[in-house]
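Each chain is listed here by its residues.
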Amino acid sequence: ADCLDRLYTILRHRFGPICGKQGTDVHQLRPKLAAYMDGDFDALKSIPINPGGTPFQRQVWAVLGEIPPGTVMSYRAVAQTLKNTAATRAVGVANSKNPITIIIPCHRVIGANGNLTGYAGGIERKRWLLEHEGVELEQPPLSAPPKRLSFSLDPESEDNQTSGVQQLQLFSDD
């Protein structure tokens with residue numbers, strides 16, 4: 001839908017050619033994502049990830065993974081955690097390159113003034129995720145959650161080993 005083109009671009013950059021294909025849910029992502037949506041915010045922590053990225057991006061994403069559900073951190077605070085106060089904009093760029101949103105919770109990063117800022121899935125989804133986790137925001141709440149979209153890569157597929165093509169699985173409520 002509205003963020004799929006961006007998602008495919010990030011995934012192709014990281015993994016090379018990809019194709020959409022129904023596959024097995026080798027890491028039990030569906031039940032873990034369902035548990036997260038039902039309020040078990042620790043359900044996603046057991047998902048093994050390898051997001052790729054530059055060393056700096058991986059440092060930023062590691063900090064994001066430590067932000068507890070129900071809390072937020074500013075881009076500036078992430079840069080300070082990395083002991084690089086001049087890297088606030090670079091943190092924002094690294095945040096925007098996160099290929100596995102929700103699992104690496106980039107939605108928990110906001111502007112220093114408390115404003116919600118860019119999110120690949122759209123500000124409405126970011127607001128919904130934060131409110132779902134219990135963050136109180138000054139903006140009016142959404143009346144309904146946005147369409148859910150998640151994905152997984154199955155690197156153990158035989159097709160991947162022979163063709164070098166990553167298998168993308170999309171799960172949607174529609």
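By convention here, each chain's residues receive numbers from 1 onward along its written sequence. At least 70 in pLDDT is required for a residue's local features to be given in this predicted model, at least 80 for side-chain atom pairs to be given and counted, and no such filter applies to totals for whole chains, interfaces and linings, which use all residues. To get the side-chain values, take all heavy atoms of the structure and skip hydrogens and water.

1. Quick look at unusual backbone geometry
Stage number 1. One non-glycine residue, lysine 83, lies in positive phi territory at about 60°.
Stage number 2. Here lysine 83 is to be found in the loop between helix H4 (75-81) and helix H5 (88-96).
Stage number 3. Working definition: with a 1.4 Å probe on protein chains only, accessible area under 20% of the residue-type maximum means buried, over 50% means exposed, and in between means partly exposed. Here lysine 83 falls in the exposed class, since its relative accessible area comes to 76%.
Stage number 4. Backbone geometry places isoleucine 102, a non-glycine residue, at a positive phi of 75°. Under the DSSP-based scheme used, a helix requires at least four consecutive residues in state H or I and a strand at least two consecutive residues in state E, with every element numbered from the N terminus.

2. Comments concerning the confidence of the model for the chain
Stage number 1. Chain-level statistics for the chain give a pLDDT mean of 77 and a share of 74% at 70 or above.
Stage number 2. At the level of individual helices and strands, the chain shows its lowest average pLDDT in strand E5 (residues 166-172), which scores 36, and its highest in helix H3 (residues 55-65), which scores 95.
Stage number 3. Scored between 0 and 100, pLDDT is the confidence that the predictor attaches to each residue. Residue contacts are defined here by distance: any two heavy atoms, one from each residue, within 4.5 Å place the two residues in contact. Counting interchain partners and residues more than four positions distant, the pLDDT-below-50 stretch residues 140-174 has 85 contacts.

3. As for helix H6 (residues 123-132)
Stage number 1. All of the buried residues in H6 are Arg125, Lys126, Arg127, Trp128, Leu129 and Leu130.
Stage number 2. Just past H6, the residue glycine 134 takes up positive phi, approximately 100°.

4. As for the environment of threonine 88
Stage number 1. Tracing the backbone through its elements, the reader meets threonine 88 in helix H5.
Stage number 2. Under the relative-accessibility criterion, threonine 88 is labelled partly exposed at 26%.
Stage number 3. With 11 residues separating them in the primary sequence, threonine 88 and alanine 77 have C-alpha atoms 8.2 Å apart.
Stage number 4. Among residues more than four places away in sequence, those in contact with threonine 88 are Tyr75, Arg76 and Ala79.

5. Quick word on the packing of H3 against H5
Stage number 1. Angles here are taken between N-to-C directions and fall from 0 to 180 degrees, while the axes themselves are lines fitted to C-alpha atoms, restricted in helices to the stretch in contact. Across the interface, H3 lies against H5 with an axial gap of 9 Å and an inter-helix angle of 80°. Considered as vectors, H3 and H5 are oriented roughly perpendicular to each other. Between H3 and H5, the contacting residues are Phe56, Gln57, Val60, Trp61 and Leu64 on the first element and Ala90, Val91, Ala94 and Asn95 on the second.
Stage number 2. Of the residues belonging to the contact of H3 with H5, the class tally is seven nonpolar, two polar and no charged. Note on angle classes: values under 35 degrees are labelled roughly parallel, values over 145 roughly antiparallel, values of 65 to 115 roughly perpendicular, and the remainder oblique. Basically, the charged four are Asp, Glu, Lys and Arg, the nonpolar ten are Ala, Val, Leu, Ile, Met, Phe, Trp, Tyr, Cys and Pro, and anything else, Gly included, counts as polar.

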